[in-house]
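# Summary of the model geometry
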Amino acid sequence: MSDAANDINRVTTAIIKASIRLIIYALVILILYEGITAGYQFGYEVFNPTSMTKGAGYEKTVVVKEDQSGFQVGRLLKEDGLIRNEYAFAVQVWLYEYEIRPGTYVLDTTMDPRDILDILDAGPGEKEGSAGS
């Protein structure tokens, strides 16, 4: 091979390596950005929970069974449209040391997750917004 061909190969190889490096850096930055954004949103849900609706909401009857975990109750509440994130709800149960008591509850979409947790922690019939079991 001639010197010109060797020079072209070296330049081409350097350009390809630099391009691959730039693509990898861009992917790492994108993944970090998405991860940080998702982490912030999750933390916001845990520490600054909001209700599903403002103004007039609607009531839902929820039955909590014996030995249901915070995540299972959170999934149930999310399916009923009472909370946005069952994972944040489960973290709130653990972080704020709530005990979810079994029973039948009447909850409202204007309640935020902390209000719901206060009711579930008190037990059925103990607070306004819940029905006896």
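Here the structure is shown first, and the text comes after it.
An account of the accompanying structure is given in this report. These numbers come from a predicted model, not from an experiment. (Residues numbered from 1 in each chain as written. Predicted model: local features only at pLDDT ≥ 70, side-chain atom pairs only at ≥ 80, totals over all residues. Heavy atoms only, no water.)

What follows deals with helix α2 (residues 70-79). Think of an α-helix as 3.6 residues a turn; residues three or four steps apart then line up on the same face. Of all the positions in α2, only Gly-70, Val-73, Gly-74 and Leu-77 are classed as buried. Considered in projection along α2, the buried side chains sweep an arc of 105° and stay on one side of the axis. Remark: Gly-81 follows α2 within two positions and exhibits a positive phi of approximately 80°. (Buried < 20%, exposed > 50% of the residue type's maximum accessible area, 1.4 Å probe, protein only. Helix = DSSP H or I, 4+ residues; strand = E, 2+ residues; numbered from the N terminus. Arc of directions from axis to C-beta.)

As a further point, take the pairing of strand β2 (residues 103-108). The buried fraction of β2 is high, at five of six residues. Alignment of strand β1 (residues 59-64) against β2, held across six bridges, turns out to be antiparallel. Bridging across to β2, Val-63 finds its partner in Thr-104. (Pairing = 2+ DSSP bridges.)

A few words now on the pattern of salt bridges. A full pass over the atoms with the stated rule returns three salt bridges. As a salt-bridge pair, Asp-7 and Arg-10 come within 2.9 Å of each other at their nearest N and O atoms. Separated by three residues within a single helix, Asp-7 and Arg-10 lie in helix α1 (residues 3-47), roughly one turn from each other. Owing to a relative accessible area of 38%, Asp-7 belongs among the partly exposed residues under this scheme. Accessibility expressed as a relative area gives 55% for Arg-10, which makes it exposed. Arg-101 serves as the salt-bridge partner of Glu-99, at 3.2 Å between the closest nitrogen and oxygen. (Salt bridge = Lys/Arg side-chain N within 4 Å of Asp/Glu carboxyl O.)

All right, on to the packing of α1 against helix α3 (residues 86-95) then. When two helices pack together, you describe them by how their axes are tilted relative to each other and by the distance separating the axes. Closest axis-to-axis distance for the α1/α3 pair is 9 Å, and the angle between their directions is 50°. Relative to α3, α1 is oriented oblique. Note that α1 runs across α3; the crossing there is right-handed. Taken together, the residues of α3 that come into contact with α1 (itself represented by Phe-42, Glu-45, Val-46 and Phe-47) are Tyr-87, Ala-88, Val-91, Gln-92 and Leu-95. (Axes fitted to C-alpha atoms, helices over the stretch in contact; angles between N-to-C directions. Parallel < 35°, antiparallel > 145°, perpendicular 65-115°, else oblique. Left-handed = near helix turned anticlockwise from the far one by under 90°. Contact = heavy atoms within 4.5 Å.)

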